[in-house]
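What follows is the residue order along each chain.
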Amino acid sequence: MGLLSEGLTQILIPVAAFIGLAFALFQWFLVSKVKVSGGYGDYSGYKDKDRLINEGDTEEGVDTLEVSIKCAEIQNAISVGATSFLFTEYRYLGIFTAVFGVVIFLFLGSVKGFSTASEPCTYNTGNICKPALANALFTTIAFFLGAITSVLSGFLGMKIATYANARTTLEARKGVGKAFITAFRSGAVMGFLLSANGLLVLWVSINLFKLYYGDDWEGLYESITGYGLGGSSMALFGRVGGGIYTKAADVGADLVGKVERNIPEDDPRNPAVIADNVGDNVGDIAGMGSDLFGSYAESSCAALFVASISSFGISHDFSAMSYPLIISSMGIVVCLITTLFATDFFEIKRVSEIEPTLKRQLVISTVLMTAGIAMVTFFALPSEFTLFNFGTEMSVKNWHLFFCVAIGLWAGLVIGYTTEYYTSSAYSPVKDVADSCRTGAATNVIFGLALGYKSVIIPIFAIAVAIYVSFSLAAMYGISVSALGMLSTIATGLAIDAYGPISDNAGGIAEMAGMSHEIRERTDALDAAGNTTAAIGKGFAIGSAALVSLALFGAFVSRAGINTVDVLTPKVFIGLLVGAMLPYWFSAMTMKSVGSAALKMVEEVRRQFNTIPGLMEGRAKPDYATCVKISTDASLREMIPPGALVMLTPLIAGTFFGVETLAGVLAGSLVSGVQVAISASNTGGAWDNAKKYIEAGGNEHAKSLGPKGSDAHKAAVIGDTIGDPLKDTSGPSLNILIKLMAVESLVFAPFFAAHGGLLFKLF
């Protein structure tokens, strides 16, 4: 036994979760102190209202009251648009969840022919375990819980972001530091809500399931894997749907507005501008929230499952069993301290301090977390124990696990920093891409693609080292806790990630409300830093997906009763080939969806510019609603085929070709998916920042390429437009493809092991 008693563990985990929730609410309260007036009926006396808005700090020549009311109107439009889209999307997802829940129950129930008799345990031989029918029922319940938590994470994130965007714009009048704190605090609200929520629901589920399972921990933690499946299946549709929505609008707005009509980004005359800003919230925020929640749920489930069939589970050591949950609890506390460094200990005075502050967040959280992991490992784990290793037992000491978690954590930092180097306009890769715009769009595209492919090298080595070290020290359990290590600072990771789209929206609102040039410059600076942090967030999501998916793969192989996966057998090799092809098929679907939706959007925007008299002169208002409708319809229609591809592949492979072929498919999709995902999101991020670098004109080199509207700038806009679906639709959705197929295979493993491989049985 470790030094931590079961009772104390049962107190510490929920306490950490509640601390996280309380901190999130506190940050939200601080953000809400920035008043946005107009449209909410607080016209109580003009004098008082004026004081609220400008607090002794007005902008020259612009009626402050008018600007605030405009900001409030735009914020309201964005919020309404995002909410109605998500509600429509969740209605579709509700039907899917119900149907898939039935599928899980039928498949798993049929393993032992729906019998209610207890059966001998699979691993803990000699003991009697609960019937397969119970596993079917509880896995389905866990699936629903995961799905609901995932949807909630995305929805709350979107609500917070649409609440904070106008507040960030208004704070930008007082200076860049104030605006930064507002945007960052709102990001933190989302980060802490999500990590605390995920931890709390998982802890509650385990304790509720325990009431039925009692001492049968093997069945208990096997059914908990449904939680990860629920989380990720919602994330997939949220990510793909949101990604198609946001990029159809973005591409349409950019191509007509910036390239054809020469009007600035987020100009209120552009009919697609509201749809574009709504898109940032449904794609980057709601999608990202569900995505990282899914990673977190799955890595916890993989670790818990492997532990339950090792000595922890067999000797019923609850504290050691809950090691993954205690790490997450520690992570919440560490991230709380880290957040204060950005908002309270240091103040940002200049634009140049924004990016270093955000990067410092990563370093501080990683260093503090390393100490936190050492404490948790020392207190929660016995000094020596055995872990399940494909049919054999492996003897492990507790400091081995410390290294497993720590190497995952530091690999995350390496991936984050590499991503930053390749996508930030402060370094040579992006400057080279910007420079290549001199000779037109073609060279820009060539340089951008090359940059993306090159940016894969270091992250892959980081992941490879993490895998080798953690597997050597603690077999498959090592890999699953290493994935958890990478995600342990998820609250901070999400805070700097959500900060990006919030600043992006703030800039859009400033432009649409007609605020001064100076304020737009401040929000642009926030946004450029946000682009890089969003790329870092995607890097984390992809890196953790690789580790999580490998851990789930290991759990699947254990559960399906395969001792070795032999690449030289034809069954496995064909699986590898098909698996490696899937990310390309999936990307093709999502890219084409964005392309065809953008085509409709471009035609609609052109039509409005050509047929609405006085639109270009700013006398008439564009019809925003039609553009929002185009995006909504396209994304809901187009998210179904890619989603079906991912959800059906494991079922078809496992049922018709058996577990060996499915193991090949999983390995193939993991190996190729990671490369495609990293290169896609970094290429897109670099093109976007090369365009921003030229627009900002921050140094002599950038000025020689600019100004806005120059040939080099137009070439940069084309690159950025090509990169949009890469970095915001197919890239980020691929990491869900990798994880989702693995977790789905794990959940259905008992069925595949019992009845799979129909085709090979026939012939």
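Calculation notes
Throughout this description, residue numbers start from 1 for each chain and increase along the sequence as written. Given that the model is predicted, a residue must reach a pLDDT of at least 70 before its local features are reported, and side-chain atom pairs must reach 80 or more before they are shown or counted; all residues, however, enter totals for whole chains, interfaces and linings. Excluded from the side-chain calculations are hydrogens and water; all other atoms, namely the structure's heavy atoms, are used. Helix and strand definitions here come from DSSP, where helices need a minimum of 4 consecutive H or I residues and strands a minimum of 2 consecutive E residues; each element is numbered from the N-terminal end. Under the scheme applied here, a residue whose accessible area is under 20% of the maximum for its type counts as buried, over 50% as exposed, and between as partly exposed, the area being computed with a 1.4 Å probe on protein chains only. In this description, contact between two residues means that some pair of their heavy atoms is separated by no more than 4.5 Å. Exposure was quantified through the Shrake-Rupley algorithm and a 1.4 Å probe, taking into account, for residues, occlusion by the shown protein chains and nothing else. The charge count treats Lys and Arg as positive and Asp and Glu as negative. His and the chain ends do not count. For this purpose, a charge sits on NZ of Lys, CZ of Arg, CG of Asp or CD of Glu. Axis definition: a line fitted to C-alpha atoms, over the contacting stretch in the case of helices. Angles run 0 to 180 degrees between N-to-C directions. Working rule for angles: under 35 degrees goes down as roughly parallel, over 145 as roughly antiparallel, 65 to 115 as roughly perpendicular, anything else as oblique. Crossing handedness is read from the near helix: turned anticlockwise from the far helix by less than a right angle, it gives a left-handed crossing, and turned clockwise, a right-handed one. Amino acid classes used here: Ala, Val, Leu, Ile, Met, Phe, Trp, Tyr, Cys and Pro are nonpolar; Asp, Glu, Lys and Arg are charged; the rest, including Gly, are polar. Each residue after the first adds 1.5 Å to the expected span of a helix. Take the seven residues that end at a residue and the seven that start at it, fit an axis to each, and the angle between those axes is the bend at that residue. Aromatic pairing here means that ring centres of Phe, Tyr or Trp (its six-membered ring) are within 6.5 Å. Orientation follows from the plane angle: under 30 degrees is stacked, over 60 is edge-to-face, and everything else is tilted. Geometrically, a lysine NZ or arginine CZ counts as sitting over a ring once it is within 6 Å of the ring centre and also within 35 degrees of the ring normal. The salt bridge criterion pairs a side-chain nitrogen of Lys or Arg with a carboxyl oxygen of Asp or Glu, the two atoms within 4 Å. Each residue carries a pLDDT score, the predictor's own confidence in it, on a scale running from 0 to 100. Paired strands are those between which DSSP finds at least two bridges. Each patch is assembled from residues with relative accessible area greater than 30% and no salt bridge, linking like charges that lie within 9 Å and nonpolar side chains (Val, Leu, Ile, Met, Phe, Trp, Tyr) that lie within 5 Å. Here, nonpolar core means buried Ala, Val, Leu, Ile, Met, Phe, Trp, Tyr and Cys residues that are tied together by side-chain atoms lying within 4.5 Å of each other.

Q: How do you make sense of the overall build of the chain when you look at a structure like this?
A: Looking only at helices and strands, the chain features 23 helices and 4 strands. Along the three orthogonal principal directions, the C-alpha set of the chain runs to about 85 × 55 × 45 Å. Across the 763 residues in the chain, those meeting the buried criterion constitute 66%. Taking all contacts inside the chain whose residues are at least 6 apart in sequence as the whole, residues at least 24 apart take part in 84%. Carbon together with sulfur atoms contributes 67% to the accessible area of the chain, which is approximately 25,800 Å² in total. Computed over 50 positive and 62 negative side-chain charges, the separation of the two mean positions in the chain equals 2 Å.

Q: Looking at this model, I keep getting lost on the packing of helix α11 (residues 354-380) against helix α17 (residues 517-559). Mind explaining?
A: Axes are the key here: two packed helices are described by the angle between their axes and the distance separating the axes. Two elements in contact, α11 and α17, have axes separated by 9 Å at closest approach and are oriented at 25°. For the element pair α11 / α17, the angle class is roughly parallel. Crossing of α11 over α17 shows right-handed handedness. Together, Ile-354, Glu-355, Leu-358 and Leu-362 of α11 and Ala-525, Leu-526, Ala-528, Ala-529, Thr-532, Thr-533, Ile-536 and Phe-540 of α17 make up the contact between the two elements. Tallied by class, the residues present in the contact of α11 with α17 amount to 9 nonpolar, 2 polar and 1 charged.

Q: Sorry if this is basic, but what is going on with helix α4 (residues 132-171) here?
A: Owing to its 3.6 residues per turn, the α-helix aligns residues three or four sequence positions apart on the same side. The end-to-end C-alpha distance of α4 is 58 Å, a good match for the 58 Å that 40 residues give at a rise of 1.5 Å each. Bending of α4 peaks at approximately 30° at the position of Ala-164. Summarising burial for α4: 31 of the 40 residues are buried, a large majority.

Q: Just checking my understanding: could you explain the side chain of Arg-520 for this structure?
A: Looking at the secondary structure, you find Arg-520 in helix α17. Judged by its relative accessible area of 13%, Arg-520 is buried. Ignoring sequence-local partners within four residues, the contact set of Arg-520 consists of Glu-265, Asp-266, Gly-507, Gly-508 and Glu-511.

Q: Looking at this structure, how should I read the packing of aromatic side chains?
A: In this structure the tally under the stated criterion is 30 aromatic pairs. Taken together, a centroid distance of 5.8 Å and an interplanar angle of 50° make the contact between Phe-143 and Phe-144 tilted. On the basis of relative accessible area, Phe-144 is assigned to the partly exposed category, the value being 31%. Measuring from ring centre to ring centre gives 5.8 Å for Tyr-227 and Phe-293, while their planes differ by 85°; the resulting arrangement is edge-to-face. In this pair, Tyr-227 sits in helix α6 (residues 217-260) while Phe-293 sits in helix α7 (residues 273-308), placing the two residues 66 residues apart along the sequence. This pair shows no difference in class: Tyr-227 is buried, exactly as Phe-293 is. Members of the aromatic cluster, joined through ring pairs, are Phe-96, Phe-100, Phe-107, Phe-143, Phe-144, Phe-237, Phe-748, Phe-751 and Phe-752. Here the guanidinium or amino end of Lys-130 rests over the ring plane of Tyr-212, the centre of that ring lying 5.3 Å away. Against the face of Phe-346 rests Arg-360, its NZ or CZ located 5.7 Å from the ring centre.

Q: Help me understand the environment of Tyr-427 in this model?
A: Mapped onto the elements, Tyr-427 comes out in the loop between α12 (398-423) and α13 (428-435). With relative accessibility at 26%, the residue Tyr-427 sits in the partly exposed group. With residues up to four places along the chain from it excluded, the contact list for Tyr-427 reads Lys-359, Glu-420 and Tyr-421.

Q: In this structure, what is going on with the pattern of salt bridges? I would like to understand it.
A: Oppositely charged side chains can form a pair if their charged atoms are brought close together. Summed over the entire model, instances satisfying the criterion amount to 34 salt bridges. The closest approach of N and O atoms between Arg-269 and Asp-267, which form a salt bridge, is 3.0 Å. Glu-353 is the salt-bridge partner of Arg-350, the closest N and O atoms lying 3.4 Å from each other. A relative accessible area of 52% places Arg-350 in the exposed class.

Q: For this particular structure, what's the right way to read the confidence of the model for the chain?
A: Close inspection of predicted coordinates is inappropriate in any region flagged by low pLDDT. Within the chain, residue pLDDT values average 87, and 96% of them lie at 70 or more. Across the chain, the secondary-structure element scoring lowest on mean pLDDT is helix α2 (residues 46-54), at 38, and the one scoring highest is helix α14 (residues 441-454), at 95. Low pLDDT, under 50, characterises residues 39-61; the stretch is placed with 30 contacts to residues that sit more than four places away or in other chains.

Q: What is the right way to read the pairing of strand β3 (residues 384-389) from this model?
A: In the case of a regular strand, side chains alternate between the two sheet surfaces. With 6 bridges joining them, β3 and strand β4 (residues 392-397) adopt antiparallel strand pairing. Note that in β4 the partner of Phe-388 across the bridge is Glu-393. Here β3 folds back onto β4 in antiparallel fashion, the turn holding 2 residues, of which Phe-390 has a positive phi close to 50°.

Q: I tried to follow a nonpolar patch on the surface on my own but got confused; where do I start?
A: Together, Val-567, Phe-573, Leu-577, Val-578, Met-581 and Trp-585 make up a nonpolar patch on the protein surface, roughly 550 Å² of accessible area in all. Position of Trp-585 relative to the elements: it lies in helix α18 (residues 570-611). Trp-585 sits in the partly exposed class, given a relative accessible area of 44%.

Q: Would you explain the packing of helix α3 (residues 64-109) against α4 in this entry?
A: One way to put it is that α3 packs onto α4 with a least axis distance of 10 Å and a crossing angle of 170°. Comparing their axes, α4 and α3 come out roughly antiparallel. When grouped by side-chain class, the residues that make up the contact of α3 with α4 number 24 nonpolar, 13 polar and 2 charged.

Q: Is there a simple way to think about the side chain of Asp-266 in this case?
A: Structurally, Asp-266 can be placed in the loop between α6 and α7. With near-sequence residues (within four places) excluded, Asp-266 lies in contact with Val-273, Asp-276, Asn-277, Gly-507, Gly-508, Glu-511, Met-512 and Arg-520.

Q: Help me understand helix α5 (residues 176-213) in this model?
A: Compared with an ideal rise of 1.5 Å per residue, which puts 38 residues at 56 Å, α5 spans 55 Å between its outermost C-alpha atoms and is within 8% of the ideal. Of the residues flanking the end of α5, it is Gly-214, one or two places downstream, whose phi is positive at about 60°.

Q: Help me out: how do you make sense of unusual backbone geometry in this one?
A: In most cases, non-glycine residues show a negative phi, while peptide bonds are predominantly trans. One non-glycine residue, Asn-262, lies in positive phi territory at about 60°. Relative to the helices and strands, Asn-262 is located in the loop between α6 and α7.

Q: I keep staring at the nonpolar core and nothing clicks. Help me out?
A: Within soluble globular proteins, side chains that are nonpolar generally end up buried alongside one another. Ranked by internal contacts, the top residues of the largest apolar core, which has 225 residues, are Tyr-323, Ile-354, Tyr-477 and Phe-556. A per-element tally of this core places α5 first, with 21 residues. Those residues in contact with Tyr-477, other than ones at most four positions away along the chain, are Ala-303, Val-306, Ala-307, Phe-312, Ala-320, Tyr-323, Pro-324, Leu-387 and Leu-401. With 19 residues, the next largest nonpolar core counts Tyr-422, Val-430, Val-445 and Leu-705 among its residues.

Q: Got a minute to help me understand the environment of Pro-613 in this structure?
A: Of note, Pro-613 is situated in the loop between α18 and α19 (624-638). Along the chain, Pro-613 and Lys-727 lie 114 residues apart, while their C-alpha atoms are 36 Å from each other.

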